[in-house]
Amino acid sequence: MKTPQFLARLLVDGYNMIGAWPDLQQLQQQDGLEAARDRLIELLINYAAWQDFQTQVVFDAHFRPERAYTEAYTAHLSVHYTEYAQTADSYIEKTCAQRHRNPSPLRLIVATSDYAQQQTVTGYGAECLSARRLGLDVQQANRRRVHRDRQPTQSSRRFLFSGLDPQAQARLSQLRFGQR
């Protein structure tokens, strides 16, 4: 399998998005935090593939005693749960600092509405995307994808006959030439 060539690396502060996107807030209130996390991941899987971004969603795990771990969902998206007592902010800042020390030609974009974190990561050379802006971009990408998928497939020929299955075409040809 060929390794994808990404346009950028996107780090997403997961709980920041859940707290900022009205649909995810409502889902969290109705069905719980896990449902909101799952929906965020679902939305970002489609967005990451559409944008061709290597995306990592980061969730705080400071209330859970488990060790940090990363789950790969697709070639474009993975989810990282931080160590106990580590915030998503500190993980993202550490990742940006490491990238600053070891430069990469790949753009680094951090999605968060935390102003202090935006200032810190831009100091490391990362680009910032607010939660609101990412939400709008995700919606727009989804609309473009749906519009593209709804485009009717046009036959290479303009006649109704060419749109029929081969069996129906054969039967019509027989009728046309007087064969029964």
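See the structure above.
What comes next concerns the included structure. Nothing here was measured: the structure is a model prediction, and the numbers come from that model. (Residues numbered from 1 in each chain as written. Predicted model: local features only at pLDDT ≥ 70, side-chain atom pairs only at ≥ 80, totals over all residues. Heavy atoms only, no water.)

A few words now on the overall build of the protein. For the protein, the helix and strand inventory stands at seven helices and six strands. Going residue by residue from the N terminus, the α and β elements of the protein occur as β-α-α-α-β-β-β-α-β-α-β-α-α. Within the protein, the proportion of its 180 residues that are buried is 34%. For the protein, the exposed surface amounts to about 11700 Å²; the carbon and sulfur share of it is 49%. (Helix = DSSP H or I, 4+ residues; strand = E, 2+ residues; numbered from the N terminus. Buried < 20%, exposed > 50% of the residue type's maximum accessible area, 1.4 Å probe, protein only. Areas by Shrake-Rupley, 256 points an atom, 1.4 Å probe, with all protein chains shown as cover.)

Below, the discussion takes up the environment of I45. Here I45 is to be found in helix α3 (residues 33-51). Those residues in contact with I45 that lie beyond four places of it in its chain are Y73, T74 and L77. (Contact = heavy atoms within 4.5 Å.)

An order of β3-β4-β2-β1-β5-β6 is seen for the six strands of this open sheet, with the pairing classed as mixed. Edge positions in the sheet fall to β3 (69-72) and β6 (127-129), since each has one partner strand and no second. In this sheet, neighbouring strand axes are inclined to one another by 20° on average, regardless of whether the strands run parallel or antiparallel. As judged from the six bridges shared by strand β1 (residues 8-13) and strand β2 (residues 53-59), these two strands associate in the parallel manner. Directly across from A8, in β2, lies its bridge partner F53. Contacts from α3 reach β1, β2 and β4 (77-81) within the one sheet, and its direction differs from that of β2 by about 165°. Along the sheet face, helix α4 (residues 88-101) touches β1, β2, β4 and β5 (107-111) and points at about 160° away from the line of β1. (Pairing = 2+ DSSP bridges. Axes fitted to C-alpha atoms, helices over the stretch in contact; angles between N-to-C directions.)

Let us now look at the packing of helix α2 (residues 22-31) against α3. For the pair α2 and α3, interaxial distance at closest approach is 7 Å and the crossing angle is 145°. At the point where α2 passes α3, the crossing takes the right-handed sense. Residues L24, L27, Q28 and D31 of α2 pack against L33, A35, A36, R39 and L40 of α3. Of the residues in the contact of α2 with α3, the class split is six nonpolar, one polar and two charged. (Left-handed = near helix turned anticlockwise from the far one by under 90°. Nonpolar A, V, L, I, M, F, W, Y, C, P; charged D, E, K, R; others polar.)

Its 14 residues place the ends of α4 20 Å apart at the C-alpha level, agreeing with the 20 Å of an ideal helix rising 1.5 Å per residue. Here α4 has its buried residues at A88, Y91, I92, T95, C96, A97 and R99. Close packing links the buried residues of α4 with β1, β2, β4, β5 and α5 (115-123). (Expected span 1.5 Å × (residues − 1).)

Let us now look at the nonpolar core. Where a protein is soluble and globular, its nonpolar side chains tend to be buried together. Counting residues in hydrophobic clusters, the biggest one holds 27 residues, and the most contacted among them are W21, L40, L44 and L134. Breaking this core down by element, the ones donating at least two residues are β1, α1 (14-20), α3, β2, β4, β5 and α6 (131-150). When residues in this core are grouped by element, the largest group, six residues, is from α3. One finds L11, C96, L108 and A126 within the second-largest nonpolar core, a separate group that totals 10 residues. (Core = buried A, V, L, I, M, F, W, Y, C linked by side-chain atoms within 4.5 Å.)

Quick look at the packing of α4 against α5 now. Closest axis-to-axis distance for the α4/α5 pair is 9 Å, and the angle between their directions is 15°. Between α4 and α5, the crossing angle belongs to the class labelled roughly parallel. In this structure, α4 meets α5 at a crossing whose hand is right-handed. Residue-level inspection shows A88, D89, I92, E93, C96 and H100 of α4 in contact with α5, the latter providing Q117, T120, V121 and G123. (Parallel < 35°, antiparallel > 145°, perpendicular 65-115°, else oblique.)

Below, the discussion takes up the pairing of β2. Counting buried positions along β2 gives six out of seven residues, so the element sits mostly inside the fold. Sheet analysis places β2 next to β4, joined by five bridges and oriented parallel. Counterpart to Q56 in the pairing with β4 is S78.

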